[in-house]
Amino acid sequence: MKILIVEDEIELIESMATYLENEDFICEKATNFFDAEDKLISFNYDVVILDITLPDGSGIDLLKMIKDKDAKVGVLIVSAKDSLDDKLKGLDLGADDYITKPFHLAELNSRINSLLRRQKFDGSDMIVFNEIEIDPNSKEVTIDKKLIELTKKEYNLLLYFIANKNKVVTKESIAEHLWGDEIEMADSFDFIYTHLGNLRKKIKKYGANDYVKTMYGLGYKFSE
Amino acid sequence: MKLIERTGRSYLILSLVIFVLFGIVLYFILTAVMDNRLDEKLRYNKEVISKRIKYETPLTIFEEPEELTSSENLLYPKDTIVYKDTLIFHAIEDVEGIENTEEYEKYRQLTAYETFPSGKRYKIITRNSLVRNQDFVTIITLLTIFITLLLVAGLWFFNTKTANKIWKPFYNNLNSLKNFSIQDQKPIELQSSNIDEFTELNGSIKSLTEKLSSDYNNLKEFTENASHEMQTPLAIMQSKIELLLQSTNLNSSEIKQLRSIYQAGQRLSKLNKTLLTLAKVENRQFSEIEEVNLSELITNKIEIYEDFIEAKKLELEIEIEPDIILETNSTMVDMLVTNLISNAIRHNIDKGSIFIKLSAVHFQISNSGNELTISPENLFNRFKKASSSADSSGLGLAIVKKICEINEWKIDYTFLDEQHQIIVRF
């Protein structure tokens, strides 16, 4: 999967690229409008991560260009402006998602994954992690072909972990993913613990391994 | 004291003084002029008499002339004329004899000691009543007083009238200045006047308020821009730490420190986001009005917070009338409801209670909790928080209040029977 990251802050690009390359994405970087335009004309990408405010132009114009060329390309807008206007404008013009700075890299990765999933028209694309299989359309989870019942939060949590497998995922990023960023309660970490506990129990009950590891003081890691 | 009254009073006092002085001077001049004329007349009469004596014409209505006594001769050895005012007693018998009038009347009297060619010396006295003159002076004095009063009253009347007309724009402008609010974003409207001073004043007020407004806007924009500018460095910081966390060879002390940095960064991000939200609400960037189903919105929010309510074992009581629709901005209402519900949970006690009620005219949220450690008036101010907990920015209620202000809703806080209660009236 090829991703183009358009962002004028070189350090932020580096972070995003490092994280995503670890997930076997191929990342290309553009730090200005001109560069981005050049790359977009010459190459094809599956996903474009687009900053709206660029030193020499507006990301909105790039967005139009991308969608004119190939409507299937997924566009994730990254913006410092958390304004509804920008958001609506971006989404109206065909952007697939919108994320506000500062964001968690795990969240970015999860968004890109779900964006890529939505690109597949047939929807037959299953998310598979060893014996765990997830059908993102019906939101059904099976372990060794046995259907297990998950609550909405447990399902989201599992999906988030699998998207960020082998990565340390902080409690803060999980809390934001599950409850949205308006939640500013320290208590939320206890609920993660509760939901996670339930999820682990259910997975174990159906005979799968416990893939969730607690990284002391940091968060969790979903790995073999 | 009003300026009009102050100046009016000065004019009044000045004109009174002038008129009193004028009256006095007029009185003396008039008296002198009339005395002069009377004296002339008396002299004329005396001349007639002395001529008659000289040519020995009989003085029909007069007594026979008497020569001067020796003492008078001594007193006035030369020919002398003496004028004086004198009172003479009158007893006038009424024609019908019913009433007698007795009075002293004032007379002007001329006494002449004169030597005639025959060598005899005589004293000639002629008199004229001053009564008519006195009447004349009285009338003139009264007229003067009357004119003075009329003039003063007229002056006062016109002065007040024109002053009111002249000052009207001033008072109107004073009123609009009093009602001027920097947050309204409306330029001040001033009534123009053809008085130079007022025009100048208006000009100064206009430029002052414009300056104020632009400074205020700059300040507001500054908050917003500063918050925006902070987003990117914060994003870099956060992403770098998250990458660092992925490395496998960290020891526990390093992890601990990284964790602290990460958490501080998170707090900073949250604070920054909230500040930005507040700035945006204040800058009225949420201006799109639509129909918002408040009943649905609140029900959904409660669902999101379910975990938090359960964890604290809070007893939740809800009375929500279905399909309450408000014409407002959905983002702002969302923020309002989120802030109030999360506050009610966060500042609650274990096994406490929450009561949420929504009707067409108000939204009420009550929760059990400890009494505030700050005064209720400060509750809605920025960075005033009752707890020092790190997860509370102290901006939530400031945002809530601002949203209420913009929507012209009334918000009230009360603490009764261990219950915090906030009511928003639409």
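Fair warning: this is a prediction, and the values are worked out from it, not measured in the lab.

K.L.:
Now, about empty space enclosed by the protein: what can you tell me, with residues and values included?
P.N.:
In this approach, a probe sized like a water molecule rolls over the atoms, and the result shows the empty space that is left. Residues and elements named next belong to chain A. Enumeration over the complete set of coordinates arrives at five cavities of 30 Å³ or more. Counted as a void, the largest cavity has a volume near 80 Å³. For the largest cavity, the full set of lining residues is Leu40, Phe43, Asn44, Tyr45, Val48, Ile66, Lys69, Asp70 and Val73. Partitioning the lining of the largest cavity into residue classes produces six nonpolar, one polar and two charged.

K.L.:
With reference to specific residues and values, describe the packing of aromatic side chains.
P.N.:
Residues and elements named next belong to chain A. If you walk through the whole model with that rule in mind, you get 16 aromatic pairs over all chains. Between phenylalanine 161 and phenylalanine 222, the ring centres sit 5.7 Å apart and the planes meet at 15°, which makes this aromatic pair stacked. Residue phenylalanine 161 is found in helix H6 (residues 152-163), and its partner phenylalanine 222 is found in strand E14 (residues 219-222); the two are separated by 61 residues along the sequence. Assigned by exposure class, phenylalanine 161 and phenylalanine 222 land together as buried. Connected via pairs of aromatic rings, a cluster forms that spans Phe129, Phe161, Tyr211, Tyr220 and Phe222. Between lysine 2 and the ring centre of tyrosine 45, over which it is positioned, the NZ or CZ distance is 5.1 Å. If you follow lysine 167 out to its NZ or CZ, it ends over the ring of tyrosine 19, 4.3 Å from the centre.

K.L.:
How would you sum up helix H5 (residues 105-119) of chain A? Please name residues and give values.
P.N.:
Residue and element names in this part refer to chain A. Here H5 is 15 residues long and its end C-alpha atoms lie 21 Å apart, about the 21 Å a rise of 1.5 Å per residue gives. The buried fraction of H5 is high, at 11 of 15 residues. Within H5, burial applies to Leu105, Ala106, Glu107, Leu108, Asn109, Ser110, Ile112, Asn113, Ser114, Leu115 and Leu116.

K.L.:
Lay out the nonpolar core in plain terms, naming residues and giving numbers.
P.N.:
Grouped together as the largest cluster of nonpolar side chains are 99 residues, with contacts concentrated most on Ile49(A), Ile112(A) and Leu158(A). At nine residues, helix H8 (residues 330-346) of chain B tops the list of elements feeding residues into this core. For Ile112(A), the contacting residues outside a window of four places in its chain are Ile3(A), Leu20(A), Phe25(A), Val47(A), Ile49(A) and Leu76(A). Leu63(A), Val73(A), Ile77(A) and Tyr98(A) belong to the second-largest nonpolar core, a separate cluster that totals 20 residues.

K.L.:
Residue-level account of the packing of H5(A) against H6(A), with values.
P.N.:
All names here are of chain A. Relative to each other, H5 and H6 sit at 100°, their axes nearing to 9 Å. Taken together, the axes of H5 and H6 are roughly perpendicular relative to one another. Residue-level contacts link Ala106, Glu107, Asn109, Ser110, Asn113 and Arg117 of H5 to Leu159, Tyr160 and Ala163 of H6. Partitioned by chemical class, the residues of the contact of H5 with H6 number four nonpolar, three polar and two charged.

K.L.:
How would you sum up the pairing of strand E6 (residues 325-328) of chain B? Please name residues and give values.
P.N.:
Residue and element names in this part refer to chain B. Residues Leu326 and Thr328 point to one face of E6 and are all buried, whereas Ile325 and Glu327, pointing to the other face, are not buried. Of the strand pairs in this sheet, strand E4 (residues 290-293) and E6 are connected by four bridges, and their pairing is antiparallel. Within E6, the residue paired with glutamate 290 across the bridge is threonine 328.

K.L.:
Tell me about unusual backbone geometry, and name the residues and values.
P.N.:
A cis amide bond links Lys101(A) to the next residue, Pro102(A), at an omega of -10°. If you trace the backbone, Pro102(A) turns up in the loop between strand E7 (97-100) and H5. Although it is not a glycine, Asn166(A) sits at a positive phi angle of roughly 65°. If you trace the backbone, Asn166(A) turns up in the loop between H6 and strand E12 (168-170). A residue is classified by how much of its surface remains accessible, and Asn166(A), at 47% relative accessible area, is partly exposed. Look at Glu418(B): it is not a glycine, yet its phi comes out positive at around 65°.

K.L.:
Go over the sheet that holds strand E2 (residues 26-30) of chain A with me, naming the residues and quoting the values.
P.N.:
Residue and element names in this part refer to chain A. Strand order in the open sheet formed by five strands is E2-E1-E3-E6-E7, with parallel pairing between adjacent strands. If you trace the sheet from one side to the other, it starts and ends with E2 and E7, each paired once. This sheet shows a mean twist of 20° between the axes of neighbouring strands, independent of strand direction. Those strands touched by helix H1 (residues 10-22) are strand E1 (2-6), E2 and strand E3 (47-51), and its axis lies near 170° from that of E2.

K.L.:
Outline a nonpolar patch on the surface, supporting the account with residue identities and numerical values.
P.N.:
All names here are of chain B. Judged by side-chain polarity, Ile139, Leu143, Phe146, Ile147 and Leu150 come together as a nonpolar surface patch covering roughly 520 Å² of accessible area. For leucine 150, the location among the structural elements is in helix H3 (residues 131-178). Judged by relative accessible area, which is 55%, leucine 150 ranks as exposed.

K.L.:
Pulling in residues and values, what's your account of the environment of Ala95(A)?
P.N.:
All names here are of chain A. Secondary-structure assignment places alanine 95 in the loop between helix H4 (84-92) and E7. Looking at alanine 95, the relative accessible area reads 8%, which means it is buried. Separated by 22 residues in sequence, alanine 95 and valine 73 have C-alpha atoms that sit 9.3 Å apart. With residues near it in sequence (within four places) discarded, alanine 95 still touches Leu63, Val75, Ile77 and Gly90.

K.L.:
Help me get a handle on the environment of Gln266(B), residues and values and all.
P.N.:
Residue and element names in this part refer to chain B. Counting through the fold element by element, glutamine 266 comes out in helix H5 (residues 252-282). On the basis of relative accessible area, glutamine 266 is assigned to the buried category, the value being 7%. In this structure, the C-alpha to C-alpha distance between glutamine 266 and glutamine 238, residues 28 residues apart in sequence, is 7.7 Å.

K.L.:
With reference to specific residues and values, describe the pattern of salt bridges.
P.N.:
Residues and elements named next belong to chain A. Under the counting rule described, the total for this entry stands at 24 salt bridges over all chains. With a closest N to O distance of 3.2 Å, lysine 67 and aspartate 96 form a salt bridge. Here lysine 67, found in helix H3 (residues 59-69), pairs with aspartate 96, found in the loop between H4 and E7; they are 29 residues apart in sequence, far enough to count as distant. Taking relative accessible area as the criterion, lysine 67 reaches 16% and is therefore assigned buried. Since its relative accessible area comes to 30%, aspartate 96 is described here as partly exposed. Salt-bridge contacts for arginine 111 lead to glutamate 107; the nearest nitrogen and oxygen are separated by 2.9 Å. Of the two residues, arginine 111 and glutamate 107 are both situated in helix H5; the distance of four residues between them amounts to about one turn of the helix. For arginine 111, a relative accessible area of 21% corresponds to the partly exposed category.

K.L.:
If you had to explain the sheet that holds strand E10 (residues 419-425) of chain B to someone new, which residues and values would you point to?
P.N.:
Adjacent strands of a sheet pair through backbone hydrogen bonds, lying either parallel or antiparallel. All names here are of chain B. In spatial order, the strands read E5-E7-E8-E10-E9; together these five strands make up an open sheet with mixed pairing. With partners counted over all chains shown, the strands left at the sheet margins are strand E5 (315-320) and strand E9 (410-416), one partner each. Strand-to-strand, the axes of this sheet are offset by a mean angle of 10°, without reference to chain direction. Bridging between strand E8 (residues 362-368) and E10 involves seven bridges; their strand directions are antiparallel.

Conventions we followed
Per chain, the residues get numbers from 1 upward, laid out in the order the sequence is written. By the order in which they are written, chains take letters starting at A while ligands take numbers starting at 1. Only residues with pLDDT of 70 or above have their local features reported here, since the model is predicted, and side-chain atom pairs are shown and tallied only from 80 upward, although totals for entire chains, interfaces and linings are computed over all residues. Side-chain calculation: all heavy atoms of the structure are included, whereas hydrogens and water are not. Within this scheme a cavity is a closed region of a 1 Å grid, computed over the protein atoms alone, that accommodates a 1.4 Å probe without allowing it to escape, whereas a pocket is open but has protein on both sides within 12 Å along at least five of seven lines; lining residues each have an atom within 4 Å of a point. Grid points are joined across faces, edges and corners, and a volume is the space filled by probe spheres set on the points. For this classification, Asp, Glu, Lys and Arg are treated as charged, while Ala, Val, Leu, Ile, Met, Phe, Trp, Tyr, Cys and Pro are nonpolar and the rest, including Gly, are polar. Any two rings among Phe, Tyr and Trp, with Trp reduced to its six-membered ring, count as a pair given centres within 6.5 Å; such a pair is stacked if its planes are under 30 degrees apart, edge-to-face if over 60, and tilted if neither. Runs of H or I in DSSP of at least four residues are treated as helices and runs of E of at least two as strands, each being numbered from the N terminus. Note on classification: 1.4 Å probe, protein chains only; a residue is buried when its accessible area is under 20% of the maximum for its type, exposed when over 50%, partly exposed between these limits. Counting as a charge over the ring demands two things of the Lys NZ or Arg CZ atom: a distance within 6 Å of the ring centre and an angle within 35 degrees of the ring normal. To estimate how far a helix should reach, multiply one less than its number of residues by 1.5 Å. Definition of nonpolar core: a set of buried residues of the types Ala, Val, Leu, Ile, Met, Phe, Trp, Tyr and Cys, connected through side-chain atoms within 4.5 Å. Residues are treated as being in contact if the distance between any of their heavy atoms lies within 4.5 Å. In this description, a line fitted to the C-alpha atoms serves as the axis of each element, helices being fitted only across the stretch in contact, and the angle between N-to-C directions of two axes falls anywhere from 0 to 180 degrees. Angular relationships are summarised with four words: roughly parallel below 35 degrees, roughly antiparallel beyond 145, roughly perpendicular across 65 to 115, and oblique for the angles in between. By this definition, two strands are paired if DSSP reports at least two bridges between them. A residue counts toward a patch only above 30% relative accessible area and without a salt bridge, and it is joined to like-charged neighbours within 9 Å or, for Val, Leu, Ile, Met, Phe, Trp and Tyr, to nonpolar neighbours within 5 Å. Using the Shrake-Rupley algorithm and a 1.4 Å probe, accessible areas are obtained, with residue cover drawn only from the displayed protein chains. A side-chain nitrogen of Lys or Arg and a carboxyl oxygen of Asp or Glu constitute a salt bridge if their distance falls within 4 Å.

Everything listed here is a matter of geometry and, on its own, says nothing about what the molecule does.
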